[in-house]
Amino acid sequence: MIKKEHIIIIILLIIISAFSLAIISLNCADNNEDTNDTYREVLVNDSNETSGTVEVIRNIGNPNGKRIAYVVGVHPLENETHRTLVKLLPNMTNLNYCYDIYIINVTEDIGYYGDGLNNYENPGRQNGQNLAQKYVYPEIVNGNYELAIDVHSNIGAYEYKTFVFSPVKEGKSVDYANQIAQNCENITYYAPPSTTSGPYLTIPLNENGIPAFYFEEYSFAPQDVKDEHMLELINAVDNLNF
Ligand SMILES: [Zn+2]
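These figures come from a predicted structure and were not determined experimentally.

1. Quick notes on the sheet that holds strand β7 (residues 188-189)
Turning to step 1, where the next piece is worked out: The eight strands are arranged β1-β2-β4-β3-β5-β8-β6-β7 in an open sheet whose pairing can be described as mixed. The open sheet has two edge strands with one neighbour each: β1 (39-44) and β7.
Turning to step 2, where the next piece is worked out: The sheet contact formed by strand β6 (residues 163-165) and β7 spans two bridges and is parallel. Looking across to β7, one finds that Phe163 is bridged to Thr188.
Turning to step 3, where the next piece is worked out: Against the sheet, helix α3 (residues 123-141) engages β1, β2 (52-61), β3 (67-72), β4 (98-106) and β5 (147-154), with an angle of about 145 degrees to β4.

So this is what it looks like as structure tokens:
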């Protein structure tokens, strides 16, 4: 009888130990995942104070990789292209670098295509530029990023419809954007004569140590074409050498 009780106790001890180990290892796995997980953070959400919200999706891709920032929403009418990036990038696997996507969502005076206002008069564009300057610029300039990419679209008034360019004449941002164009079948390097948003984000970033360039898509391209171009951009950026 004594032996039988001993055996039962030993079996119980083994079962308890096995459960304890399983629980400990599950907790460890959870903790590791937490530090590497992609997460969404609200930077500004006060409709009384601002003309929109600003959020960031952090830690996409390789959490140990070099850091790259994307920005969408500076110009609210260009949101189909912005949504294309937000849909595709967080679902990519085997990325080399670690990405944060800053998302500006203008809620006041978004405007509409064909409103007759030029780029400098459109209050929705100005609202987005102001949010970029006040809330996104400080995050990126202090964020230890190798590169920032500001995503826009255009109505086809330029010589090219899908292109990258730096708002400054020389430096790393020009080199990186040129490499993207060389490695993408459907993306050209083309610098328009001027930009309305440059002074609010990409120019000061370049002037303060963070290379920043623009990606421009054609606003009225079909969604499957927007997807194809965005994947070309994402992959080319992920294969840049820093
Ligand atoms: Zn734009």
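2. A closer look at helix α4 (residues 172-183)
Turning to step 1, where the next piece is worked out: Helix length check: α4 (12 residues) gives 17 Å between terminal C-alpha atoms against 16 Å at 1.5 Å per residue, within 8%.
Turning to step 2, where the next piece is worked out: Every buried residue belonging to α4 is among Ser173, Tyr176, Ala177 and Ile180, and all of these are buried. Viewed along the axis of α4, the buried residues span an arc of 95 degrees, placing them on a single side of the element.
Turning to step 3, where the next piece is worked out: Structurally, α4 contributes buried residues whose contacts are with β5, β6, β7, α5 (202-207), β8 (212-218) and α6 (223-238).

3. So, α6
An α-helix turns once every 3.6 residues. As a result, residues three or four positions apart point the same way.
Turning to step 1, where the next piece is worked out: Its 16 residues place the ends of α6 22 Å apart at the C-alpha level, agreeing with the 22 Å of an ideal helix rising 1.5 Å per residue.
Turning to step 2, where the next piece is worked out: Buried residues of α6: Lys226, His229, Met230, Leu233, Ile234 and Val237, and no others. Down the axis of α6, the buried side of the element spans an arc of 140 degrees, and every buried residue falls inside it.
Turning to step 3, where the next piece is worked out: Next to the buried residues of α6 lie β3, α2 (79-88), β5, α4 and β8.

4. Structural notes on the environment of Tyr99
Turning to step 1, where the next piece is worked out: As for its placement among the helices and strands, Tyr99 is situated in strand β4.
Turning to step 2, where the next piece is worked out: Each C-alpha atom, one on Tyr99 and one on Ala148, is 9.7 Å from the other, the two residues being 49 residues apart in sequence.

5. Description of the nonpolar core
Turning to step 1, where the next piece is worked out: Within the largest apolar cluster, 49 residues are counted, with the highest numbers of intra-cluster contacts made by Tyr70, Val71, Ile101, Ile104 and Ala148.
Turning to step 2, where the next piece is worked out: Per element, the largest residue contribution to this core is seven residues, and it comes from β4.
Turning to step 3, where the next piece is worked out: Beyond its immediate stretch of four places on either side in the chain, Tyr70 contacts Leu85, Leu89, Tyr99, Ile101, Ile149 and Val151.

6. A look at unusual backbone geometry
Turning to step 1, where the next piece is worked out: Positive phi is not limited to glycine here, since Asn94 has a value of about 60 degrees.
Turning to step 2, where the next piece is worked out: Mapped onto the elements of the fold, Asn94 is located in the loop between α2 and β4.
Turning to step 3, where the next piece is worked out: On the neighbour-count criterion, Asn94 (7 C-beta atoms within 10 Å) is exposed.

7. Quick notes on the packing of α2 against α6
Think of two packed helices as two axes; the pair is described by the angle between the axes and how far apart they sit.
Turning to step 1, where the next piece is worked out: Between α2 and α6, the least distance of the axes is 10 Å, while the angle of their chain directions is 60 degrees. As summarised for this structure, α2 and α6 are arranged oblique, according to the angle between their axes. Regarding α2 and α6, the two cross each other, and that crossing is right-handed. Across from Glu80, Thr81, Thr84, Leu85 and Leu88 in α2, the residues of α6 making contact are Lys226, Asp227, Met230, Leu231 and Ile234.
Turning to step 2, where the next piece is worked out: When the residues that make up the contact of α2 with α6 are grouped by side-chain class, the tally is five nonpolar, two polar and three charged.

Conventions adopted
- Residues numbered from 1 in each chain as written.
- Predicted model: local features only at pLDDT ≥ 70, side-chain atom pairs only at ≥ 80, totals over all residues.
- Pairing = 2+ DSSP bridges.
- Helix = DSSP H or I, 4+ residues; strand = E, 2+ residues; numbered from the N terminus.
- Contact = placed C-beta atoms within 7 Å.
- Axes fitted to C-alpha atoms, helices over the stretch in contact; angles between N-to-C directions.
- Expected span 1.5 Å × (residues − 1).
- Buried ≥ 20, exposed ≤ 12 C-beta atoms within 10 Å, placed from the backbone.
- Arc of directions from axis to C-beta.
- Core = buried A, V, L, I, M, F, W, Y, C linked by C-beta atoms within 7 Å.
- Parallel < 35°, antiparallel > 145°, perpendicular 65-115°, else oblique.
- Left-handed = near helix turned anticlockwise from the far one by under 90°.
- Nonpolar A, V, L, I, M, F, W, Y, C, P; charged D, E, K, R; others polar.

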